[in-house]
Amino acid sequence: MHSPNSRRKIAIFPGSFDPFTVGHASIVERGLPLFDEIVIGVGVNENKRALYTSDRRVEAISRLYAHEPRVRVEAYDDLTVDFARRCGASFILRGLRSVKDFEYERDIANMNHRLTGIETVLLFTEPHYSSISSSVVRELIAFGKDVHDFLPAPRPEADADAR
Ligand code: ADP
């Protein structure tokens, strides 16, 4: 728990991250100069059929950021604004890939702001990542295709630690 007087700028980056792609990693990297801390929130949605369990997603993403003390990863299964409050976050970080994302993001951002005053910070996806989505990557995995271009590479020292 964080004190309500904390001046630290904390953002949550919520999503399904099934799996976490290079597009997601780019949003985290570009968010780091804006915030003191980013909590990646792996949303657990019982109604969505997931490829990876939430534990596995949390573990894989945590490994990617093991070297970055300003990034934490947690699973949550309640409302995103309640997760944000638990994290002491005043901001929600999201990526915007296209006009398809726009209306959805706007409606949720407006509702979250109305409920709690939390601000959503949207970053436009870098063009070369805009066609990458977890659902496309899942589809490719299901058909046995190589997806390593779309997934962030683990840092070499993280590999060494795991051995
Ligand atoms: P959700 O199911 O909540 O949309 P996702 O895991 O698909 O969760 O996405 C989480 C966030 O990451 C969303 O804000 C989404 O727009 C953003 N995002 C997804 N793919 C990309 C990408 N290729 N580049 C940048 N942002 C992305």
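See above for the structure.
Residues numbered from 1 in each chain as written. Predicted model: local features only at pLDDT ≥ 70, side-chain atom pairs only at ≥ 80, totals over all residues. Heavy atoms only, no water.

J.: I'm lost on the site of the ligand in this one. Help?
T.: Surveying the vicinity of the ligand reveals 17 residues, the closest of which are Ser-16, Phe-17, Gly-95, Tyr-129 and Ile-132. In this structure, an oxygen atom belonging to the ligand sits 2.8 Å away from a side-chain N or O atom of Ser-16. In the environment of the ligand, an oxygen atom lies 3.1 Å from a nitrogen or oxygen atom belonging to the side chain of Arg-94. If the ligand stood free it would expose 550 Å²; the protein chains cover 89% of that surface. Mapping the ligand onto the cavity grids shows that it belongs to the largest pocket. Contributing elements (two or more residues each) for the shell around the ligand: β1 (10–15), α1 (22–31), β4 (91–96) and α4 (99–116). For the shell around the ligand, the residue count by class is six nonpolar, six polar and five charged. (Near = heavy atom within 4 Å. Polar contact = N/O pair within 3.5 Å; in protein donor to acceptor, adjacent residues only side chain to side chain. Areas by Shrake-Rupley, 256 points an atom, 1.4 Å probe, with all protein chains shown as cover. 1 Å grid on protein atoms, 1.4 Å probe; cavity = no way out; pocket = protein on both sides within 12 Å on 5 of 7 lines; lining within 4 Å. Sits in = over half its atoms within 2 Å of the grid points. Helix = DSSP H or I, 4+ residues; strand = E, 2+ residues; numbered from the N terminus. Nonpolar A, V, L, I, M, F, W, Y, C, P; charged D, E, K, R; others polar.)

J.: Hey, could you run me through the side chain of Ser-54 in this one?
T.: Inspection of the secondary structure assignment puts Ser-54 in helix α2 (residues 54–64). When near neighbours in sequence (up to four residues on either side) are disregarded, Ser-54 contacts Val-42 and Val-44. (Contact = heavy atoms within 4.5 Å.)

J.: Honestly, the layout of surface pockets in this entry has me stumped. Any pointers?
T.: Empty pockets left among the atoms are what a rolling probe the size of a water molecule brings to light. If you add up the space inside the largest pocket, you get close to 1,300 Å³. Along the wall of the largest pocket there are 44 residues; nearest its centre are Pro-14, Gly-15, Ser-16, Lys-48 and Arg-94. Of all the elements in the fold, those that place two or more residues in the lining of the largest pocket are β1, α1, α2, β4, α4 and α5 (134–142). Sort the elements by how many residues they give to the lining of the largest pocket and α4 lands first, with seven residues. (Points joined across faces, edges and corners; volume = space filled by probe spheres on them.)

J.: When you look at the pattern of salt bridges in this model, what are you seeing that I'm missing?
T.: In a structure, side chains of opposite charge can pair up when their charged atoms sit close to one another. Applying the stated criterion across every chain, the model contains twelve salt bridges. Among the ionic pairs, Glu-59 bridges to Arg-63, the shortest N-O distance being 3.3 Å. Highlighted residues: Glu-59 and Arg-63, both in helix α2, separated by four residues, approximately one helical turn. For Glu-105, the salt bridge goes to Arg-94, with nearest N and O atoms at 2.8 Å. Of the two residues, Glu-105 is situated in helix α4 and Arg-94 in strand β4; the sequence distance between them amounts to eleven residues. No difference in accessibility class separates Glu-105 from Arg-94, as the two residues are buried. (Salt bridge = Lys/Arg side-chain N within 4 Å of Asp/Glu carboxyl O. Buried < 20%, exposed > 50% of the residue type's maximum accessible area, 1.4 Å probe, protein only.)

J.: Honestly, the nonpolar core in this entry has me stumped. Any pointers?
T.: Soluble globular proteins tend to pack their nonpolar side chains together in the buried interior. Phe-13, Phe-20, Ile-40, Ile-61, Tyr-65 and Leu-93 are the most contacted members of the largest nonpolar core, which has 20 residues in total. If you list the elements that add at least two residues to this core, you get β1, α1, β2 (37–43), α2 and β3 (71–76). (Core = buried A, V, L, I, M, F, W, Y, C linked by side-chain atoms within 4.5 Å.)

J.: Would you explain the packing of aromatic side chains in this entry?
T.: Geometry of an aromatic ring pair is reported as the spacing of the ring centres plus the angle between the planes. With the rule as written, the count across this model stands at five aromatic pairs. With centroids separated by 5.4 Å and ring planes inclined at 55 degrees, the aromatic side chains of Phe-17 and Phe-20 adopt a geometry described as tilted. Here the two residues Phe-17 and Phe-20 agree in accessibility, since each one is buried. With a centroid separation of 6.1 Å and 85 degrees between ring planes, the pair formed by Phe-20 and Tyr-65 is classed as edge-to-face. (Phe/Tyr/Trp six-rings, centres within 6.5 Å; stacked < 30°, edge-to-face > 60°.)

On their own, these measurements won't tell you what the molecule is for.
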